Amino acid sequence: MSQLSRRGLMTGTVGAGLAAGATGALAAPDRVIARTLTRIAFGSCARSDKPQPIWDAVLAAEPNLFIFLGDNVYLDTRDPEVMRRKYAELAAQPGFRRLRESVPILATWDDHDYGENDAGAEYPMKEESRRQFLDFFGEPADSPRWTRDGIYTSLVFGPVGCRVQILLPDLRWNRTRLVPLELGGQDYDAWVEARAEAGQSTPGPYMRNPELTATQLGETQWRWLEEQLAAPAEVRLLASSLQVVADFAGWEGWINFAHDHQRLIAAIRDRRANGLVCLSGDTHYGEVSRLDVNTPYPLWDITSSGLTETWPVTPPNALRVGEVYREPNFGLLTLGWDGEAPTLLAQICGVDGAVHLEQPIRIADLTV
């Protein structure tokens, strides 16, 4: 086990036992870790009461870091005892035990480990959910994640020339209520069934919220994120629990909040945040999306979901590159630092470790 693992992974997190980064500047990350990253695995949507064979393939890929993108457990409760039991189930999974013993872990949450399906700011047990989440992932007692309006955080790995900035926003704590899809009084399930029988795509039950005040992040987190995007880094990973780039699918996603979506693109441009790639979960299928209209550079989103969960149909996404993969999967990023400019290979891998989706990305092309 590496020194980082010995110091910071007894509780399964890169934060424990590590020195904080520079303080005083708004753009300073919460943690600075000297280790250079070359292989980053990530995934989402793992039910603790199901077998989790995916961890064998994750460990065989030998990642330097694993990022949980949310729905790491399915709490779906307001009962603290149920929360504790679900986390205990995950801790008892043999593959997960091996992972946390040998690989640094970062995590954010989505709705099911936040507490309830599609929940936002209105969820009344979010302080208890935060306490159990941060306890489980071993967040240091002095971490600002305990006291912010959400569990958002940032880290920078590696020396100058190999810096990877990882941003984990919180899309639940301050999120405005969702807007239901208008179906003229028709039952959603019946509507989906009719569309499926007609061979049509099946969007989810929500529509875009055009209100300028509607938000996923809240203003305090937005100011934090905009400042973080100004920090120096060669590669930036926006590790979002929800899809960032995918066009309207009717389910939860950045696109449902028009102002947030545009503000993110503007922040990347205004802060000259070169080298940004999005990672996302939630969908119960893997896919790659690309947006290159009215963006400062092509914006890629690599979606990996789920570690145990699958989805039977393919929602619409006009920005999809290639096909979807609808079996349990994890994502893998391979970073190359030896050339004149860093390279990134994004892959979606199955339970057997086989690569099912692959997208090379030239970091030099991601420049404002």
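What counts and how
- Residues numbered from 1 in each chain as written.
- Predicted model: local features only at pLDDT ≥ 70, side-chain atom pairs only at ≥ 80, totals over all residues.
- Heavy atoms only, no water.
- Helix = DSSP H or I, 4+ residues; strand = E, 2+ residues; numbered from the N terminus.
- Rg over C-alpha atoms; globule rule 2.2 N^0.38 Å.
- Buried < 20%, exposed > 50% of the residue type's maximum accessible area, 1.4 Å probe, protein only.
- Salt bridge = Lys/Arg side-chain N within 4 Å of Asp/Glu carboxyl O.
- Polar contact = N/O pair within 3.5 Å; in protein donor to acceptor, adjacent residues only side chain to side chain.
- Contact = heavy atoms within 4.5 Å.
- Core = buried A, V, L, I, M, F, W, Y, C linked by side-chain atoms within 4.5 Å.
- Pairing = 2+ DSSP bridges.
- Axes fitted to C-alpha atoms, helices over the stretch in contact; angles between N-to-C directions.
- Right-handed = clockwise from strand over helix to strand, strands pointing away.
- Phe/Tyr/Trp six-rings, centres within 6.5 Å; stacked < 30°, edge-to-face > 60°.
- Lys NZ or Arg CZ within 6 Å of the ring centre and 35° of its normal.

Concerning the overall build of the protein chain
Helix and strand counts for the protein chain come out as nine helices and 15 strands. The C-alpha radius of gyration computed for the protein chain amounts to 19 Å, which stays within 12% of the reference 21 Å derived for 368 residues, consistent with globular compactness. When its C-alpha atoms are laid out on the principal axes, the protein chain stretches across 60 × 45 × 40 Å. The buried share of the protein chain, reckoned over its 368 residues, is 58%.

A few points about unusual backbone geometry
A cis amide bond links Ser305 with the next residue in sequence, Gly306, at an omega value of -5°. You can see Gly306 is positioned in the loop between strand 12 (299-303) and strand 13 (329-336). With a phi close to 65°, Cys45 is a non-glycine residue in the positive phi region. Take Cys45: it is sitting in the loop between strand 2 (39-43) and helix 2 (54-60). Using a relative accessible area of 0% as the deciding quantity, one classes Cys45 as buried.

Some remarks on the pattern of salt bridges
Counted under the stated rule, the structure contains 25 salt bridges. The shortest N-O distance in the salt bridge between Asp110 and Arg172 comes to 2.7 Å. Remark: Arg172 occurs in the loop between strand 6 (164-168) and strand 7 (179-180) and Asp110 occurs in the loop between strand 4 (105-107) and helix 5 (111-114); sequence separation between them is 62 residues. You can call Arg172 buried: its relative accessible area is 0%. The partner of Arg131 in a salt bridge is Asp135, with the nearest N and O atoms 3.3 Å apart. Placement of the pair is Arg131 and Asp135 together in helix 6 (residues 126-136), with a separation of four residues, close to one helical turn. Since its relative accessible area comes to 34%, Arg131 is described here as partly exposed.

A few points about the side chain of Arg145
Relative to the elements of secondary structure, Arg145 occurs in the loop between helix 6 and strand 5 (153-157). Look at Arg145 and you get buried, because its relative accessible area is 4%. Looking at Arg145, its side chain comes within polar contact range of the main-chain oxygen of Ile151, at 2.7 Å. Setting aside anything within four residues of it in sequence, one finds Arg145 in contact with Ala107, Thr108, Arg130, Phe133, Leu134, Glu139, Gly150, Ile151, Tyr152 and Thr153.

Details of the nonpolar core
If you look at the biggest cluster of nonpolar residues, it comprises 56 residues, and the most contacted ones within it are Ile40, Ile67, Val164, Ile166, Leu237, Ile302 and Leu344. Excluding residues within four positions of it along the chain, Ile40 makes contact with Leu65, Ile67, Val164, Leu237, Gly331, Leu332, Leu333 and Leu335. Among the nonpolar cores identified, the runner-up in size contains 33 residues, and Ala46, Phe96, Ile151 and Leu307 belong to it.

Quick look at helix 8 (residues 219-228)
Among all positions of helix 8, only Gln221, Trp222, Trp224, Leu225, Glu226 and Gln228 are buried. Of the surrounding elements, those touching the buried residues of helix 8 are strand 5, strand 6, strand 9 (235-240) and helix 9 (258-270).

Section: the sheet that holds strand 3 (residues 65-68)
Reading across from one edge, 4-3-2-13-14-15 is the order of the six strands in this open sheet, with mixed pairing throughout. Among the strands making up the open sheet, the edge pair consists of strand 4 and strand 15 (355-362). In this sheet, adjacent strand axes meet at a mean angle of 20° when their direction is disregarded. For strand 2 and strand 13, the ladder comprises four bridges, and the chain directions are antiparallel.

Focus on the sheet that holds strand 9
Overall, mixed pairing links the seven strands, which are arranged 1-5-6-9-10-12-11 in an open sheet. Sheet topology places strand 1 (31-33) and strand 11 (287-291) at the edges, where each strand pairs with a single neighbour. If you compare each strand with its neighbour and ignore which way they point, the axes differ by 20° on average. Examined bridge by bridge, strand 5 and strand 6 share five bridges and lie antiparallel to one another. Note that in strand 6 the partner of Phe157 across the bridge is Val164. Contacts between helix 8 and the sheet are confined to strand 5, strand 6 and strand 9, with strand 6 contributing the most and set at about 170° to the helix.

So, the pairing of strand 10 (residues 276-280)
The buried fraction of strand 10 is high, at five of five residues. Side chains Leu276, Cys278 and Ser280 of strand 10 all project onto a buried face; the interleaved residues Val277 and Leu279 project onto the opposite face, where all are buried too. Bridge count between strand 9 and strand 10: five bridges; the pairing is parallel. Each residue of the ladder has a partner; that of Ala239, found in strand 10, is Leu279. At this point the chain moves from strand 9, through helix 9, to the parallel strand 10, and the crossover so formed is right-handed. Examined bridge by bridge, strand 10 and strand 12 share three bridges and lie parallel to one another.

Some remarks on the packing of aromatic side chains
This structure, assessed with the given rule, holds 19 aromatic pairs. Both rings, one in Trp109 and one in Trp173, keep their centres 6.4 Å apart while their planes meet at 10°; by these two values the pair is stacked. With Trp109 in the loop between strand 4 and helix 5 and Trp173 in the loop between strand 6 and strand 7, the pair connects residues that are 64 residues apart, well separated along the chain. Residues Trp109 and Trp173 agree in their burial class; the two are buried. Geometrically, the ring pair formed by Tyr188 and Trp251 is edge-to-face, given 6.4 Å between the ring centres and 85° between the ring planes. A residue pair is termed long-range when its members are at least 10 positions apart, and Tyr188 in helix 7 (residues 188-197) and Trp251 in the loop between strand 9 and helix 9 qualify at 63 residues. Assessed through its relative accessible area of 27%, Trp251 is described here as partly exposed. Ring-pair connections join several aromatic residues into one group, and the members of that group are Trp55, Phe66, Phe68, Tyr87, Phe96, Trp109, Tyr114, Tyr123, Phe133, Phe136, Phe137 and Trp173. A cation over an aromatic ring shows up here: Arg47 above the ring of Tyr74, its NZ or CZ 4.0 Å from the ring centre. Taking NZ or CZ as reference, Arg100 lies 4.7 Å from the ring centre of Phe136, over its face.

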